[in-house]
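# Summary of the model geometry
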Amino acid sequence: MIIAVVGKGGVGKTTIAALLLRRLLDTRETPVLLIDADPSSCLGSALAMRVKKTLAQIRDGMRDSTGRPKTMSQAEWLALQAEDAIAENNGFDLLTMGHPEGKGCYCFVNNLIRDHLARLARSYRHVLLDCEAGLEHLSRRTTGRADILVCVATRSRMSAEAIHRALSIYRELNCGLPRRVDLIMNGLQPDDPRLHEIAAMASNGHGAFSHVLTVPHDEDIVAIESAGRSLLELNHTSTAASALRSWEIA
């Protein structure tokens, strides 16, 4: 399945994406292709993984014809470079998209990237994307329609409005929403009085969410991030890990 994590910048999308990856690993839903599609490219840091190269750097090089042998097609060159950009780990691989396009048309190169990622994704059981707020990667540079949208919000009204806009964009691009749209309220307790208000604001006009989960503030996550360690090291008994224990693919 293709699982896309969406939401306003600063709501903790990257942290939630790392915790969902951990959940997939714990339930043996592997291998997973993890795609960092957020221009801030923080997912590698959250997992204490070194990113050698991004697809944006490869894309820029292809537009400038930098280093490509004349005997090799652009598609072949992209496949070779993209393989080198994949950071491997136990049960999952990480691919980082990098910065948005610069000036000029990137349509041809983006089409090559989309086609390559579609072929690459067939080698994995699931694809998990940490998306940018505008969902551009879902529509233009990755594998297209998601099977599960995981929307991340906080107690702020703006985070709910951002989800509502993202769902509207997705519906317009794909002629409807996927069969499953989940909401994860980051930093909230299950009895928070704002929970239902934010959920209703985010889903307004789009129907009810398939699942609504809360992930309370977790000092263990703060300690791990401060130490530059991987969020996959988070103890199974931690507040955040426990909160997502009920999240399942099925």
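Right, let's walk through the structure included here.

## Overview of the overall build of the protein chain
Looking only at helices and strands, the protein chain has 10 helices and 8 strands in total. Put simply, the protein chain has 250 residues, and 52% of those count as buried. For the protein chain, restricting intrachain contacts to residue pairs at least 6 apart in sequence, the fraction spanning at least 24 positions comes to 80%.

## As for the pattern of salt bridges
The tally for this structure, following the rule as stated, stands at 11 salt bridges. The shortest N-O distance in the salt bridge between R125 and E29 comes to 3.2 Å. Taken together, the residues span a long stretch of sequence, with R125 in the loop between helix 5 (107–121) and strand 5 (126–130) and E29 in the loop between helix 1 (13–26) and strand 2 (32–36) at a distance of 96 residues. Through salt bridges with shared partners, a single ionic network connects K52, K53 and D84.

## Quick notes on the pairing of strand 6 (residues 148–153)
Most of strand 6 sits out of view: 6 of its 6 residues are buried. Of the two faces of strand 6, the one lined by I148, V150 and V152 and the one lined by L149, C151 and A153 are each fully buried. Pairing of strand 1 (residues 2–6) with strand 6, which is carried by 4 bridges, proceeds in the parallel orientation. Note on strand 6: the bridge partner recorded for V6 is C151. Here strand 6 pairs with strand 7 (residues 180–186) via 6 bridges, running parallel. Opposite L149, over in strand 7, you have V181 as the bridge partner.

## Here we look at unusual backbone geometry
Following T30, the chain continues to P31 via a peptide bond in cis, the omega torsion being 0 degrees. Here P31 lies in the loop between helix 1 and strand 2. Not every positive phi belongs to a glycine, and R28 is a case in point at roughly 60 degrees. As for its placement among the helices and strands, R28 is situated in the loop between helix 1 and strand 2. Phi is positive for A48, close to 55 degrees, though the residue is something other than glycine. Topologically, A48 is positioned in the loop between helix 2 (43–46) and helix 3 (55–63).

Criteria and cut-off values
- Residues numbered from 1 in each chain as written.
- Predicted model: local features only at pLDDT ≥ 70, side-chain atom pairs only at ≥ 80, totals over all residues.
- Heavy atoms only, no water.
- Helix = DSSP H or I, 4+ residues; strand = E, 2+ residues; numbered from the N terminus.
- Buried < 20%, exposed > 50% of the residue type's maximum accessible area, 1.4 Å probe, protein only.
- Contact = heavy atoms within 4.5 Å.
- Salt bridge = Lys/Arg side-chain N within 4 Å of Asp/Glu carboxyl O.
- Pairing = 2+ DSSP bridges.

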